[in-house]
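The lines below spell out each chain.
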Amino acid sequence: MSETIRAGDPGTMALYVHWPFCKSKCPYCDFNSHVRDSVDHGAWAAALTAEVARVAALAPGRVLTSIFFGGGTPSLMDPATVAAVIAAAARAWRFAADIEITLEANPTSVEAGRLGDFRAAGVNRASLGVQSLAEGDLRFLGRQHSAAEALQAVATARAIFPRVSFDLIYARPGQTPARWGEELRRALDFGPDHLSLYQLTIEEGTAFHAAVRRGDWAPLDEEAQAALFEQTQALLNDAGLPAYEISNHARPGNESRHNLTYWRYGDYAGIGPGAHGRLTLDDGRAIATSAWRKPETWADHVRETGDGTEFRHDLDTAARVDEAVMMGLRLTEGVPVDRLERLGNAPFARLIAPARLERLAAGGFLTLADGRLSATAAGRAVLNTLLGELLA
């Protein structure tokens, strides 16, 4: 296929594969992850490949630009299962010439030792959940690796995969700009092409949420968080990894193609427990899907009914426009006005209230130029509030 195909283009799609199992539950995590004593890898390979075939019947003839194995902890998968899913996807769709196939991995020494097997299975991009390079903070975050293991895993991954990203969490309790700057500089010593840098958020239902409610510790205040965010943007920009999305930084050309599909509001299928999807069908209808969350329930439905989907509903034009704006304003490139007009089947002035747009632009939070609606740096820093004002 042509190298000019872009993630999110019409006629393309992405595939997300959710592996729901972890060795332990991190105290900050509200993802659909579960701890189990054992996993029948053969049964899971059969269920996942069956789901690929089912989705292919819904969305035939597409060009697949990316596959993303997320979780949970996908590096706990049997590499043969990963290879089977990739092979099933290759039978179902045409692969873009530069298809990106990512697998999330924990940087423990055991899992890092399997990275070569995942590369042999067809994975060409690794995303490592480092989260911190400070020993005490790793323990606080419930991680099972040391800083030394994390650094070794990054080095190992870079020797195996053509593209590597790793995650760090900041705005941790007591974290200062000096400490965070030192940690970022250590990360940059590896010359990374992509970094995902997330502020610690306290999500309901997590162990951290319960601890904060008990008064065991307190999150950083908003002013301190904002200072760390601004420091992050400046330091990474100076290092040649500008933010292309609120929490994601890359050297030009190394952006996550899979995540760009989400943010550009392209089509994507989600398989595995709790996975979500957005697909445009051949008759023009757009649907949103979500799978059963509990692993055993999902597997039972796939085996007994041939479908792991719990909910499927049509998206009307208003919902599609709102979702495209919510996702697209996360990107520094913004969202094309003509895309919004196609989704909404109406002129832009009827989709976004001109008075709201003018007010937010005058405040320095939005721009409308060259056919694109974009949030400024100030707007992205308060995006949830901005979206509430724009789409109210």
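Quick caveat: nothing in here was measured; it's all calculated off a predicted structure.

Conventions we followed
Residues numbered from 1 in each chain as written. Predicted model: local features only at pLDDT ≥ 70, side-chain atom pairs only at ≥ 80, totals over all residues. Heavy atoms only, no water. Helix = DSSP H or I, 4+ residues; strand = E, 2+ residues; numbered from the N terminus. Expected span 1.5 Å × (residues − 1). Buried < 20%, exposed > 50% of the residue type's maximum accessible area, 1.4 Å probe, protein only. Arc of directions from axis to C-beta. Contact = heavy atoms within 4.5 Å. Polar contact = N/O pair within 3.5 Å; in protein donor to acceptor, adjacent residues only side chain to side chain. Salt bridge = Lys/Arg side-chain N within 4 Å of Asp/Glu carboxyl O. Core = buried A, V, L, I, M, F, W, Y, C linked by side-chain atoms within 4.5 Å.

### Section: helix H9 (residues 222-238)
Now for step 1: Over its 17 residues, H9 extends 24 Å from the first C-alpha to the last, a length consistent with the 24 Å expected when each residue adds 1.5 Å.
Now for step 2: Of all the positions in H9, only Gln-225, Leu-228, Phe-229, Gln-231, Thr-232, Leu-235 and Leu-236 are classed as buried. All buried residues of H9 fall inside an arc of 165° around its axis, so they share one side. Among the exposed residues of H9, those pointing more than 90 degrees away from its buried face are Glu-222, Glu-223, Glu-230 and Asp-238.
Now for step 3: Check the buried side of H9 and you find it contacts strand E7 (163-170), helix H7 (177-188), strand E8 (194-199), strand E10 (248-250) and helix H16 (377-381).
Now for step 4: Sitting at the amino-terminal end of H9 is Asp-221, which places a side-chain oxygen 3.2 Å from the backbone nitrogen of Glu-223.
Now for step 5: Gly-240 occupies a position one or two residues after H9 and carries a positive phi of about 85°.

### So, the pattern of salt bridges
Now for step 1: Going through the model one piece at a time under the given rule, you end up with 23 salt bridges.
Now for step 2: Notably, a salt bridge pairs Arg-54 with Glu-51, separated by 2.8 Å at the nearest N-O pair. One end of the pair is Arg-54 and the other is Glu-51, both in helix H1 (residues 41-58) and 3 residues apart, which spans about a single turn. For the pair Arg-54 and Glu-51, a shared accessibility class is recorded, and that class is buried.
Now for step 3: Where salt bridges share partners, they join Glu-51, Arg-54, Asp-307 and Arg-312 into one cluster.

### Section: the nonpolar core
Now for step 1: Among the nonpolar cores identified, the biggest contains 91 residues, and Leu-15, Ile-67, Phe-69 and Leu-329 are the most heavily contacted of them.
Now for step 2: Looking at which element gives the most residues to this core, the answer is H1, with 6 residues.
Now for step 3: Beyond its immediate stretch of four places on either side in the chain, Leu-15 contacts Val-52, Leu-64, Ser-66, Ile-67, Phe-68, Ala-89, Trp-93, His-258, Ala-269 and Ile-271.

### Some remarks on helix H8 (residues 207-214)
Now for step 1: By the burial criterion, the buried members of H8 are Phe-208, His-209 and Ala-211. Projected down its long axis, H8 shows its buried positions confined to an angular sector of 165°, all on one face. Pointing more than 90 degrees away from the buried face of H8 are the exposed residues Arg-213 and Arg-214.
Now for step 2: Those residues of H8 that are buried are in contact with helix H5 (135-140).

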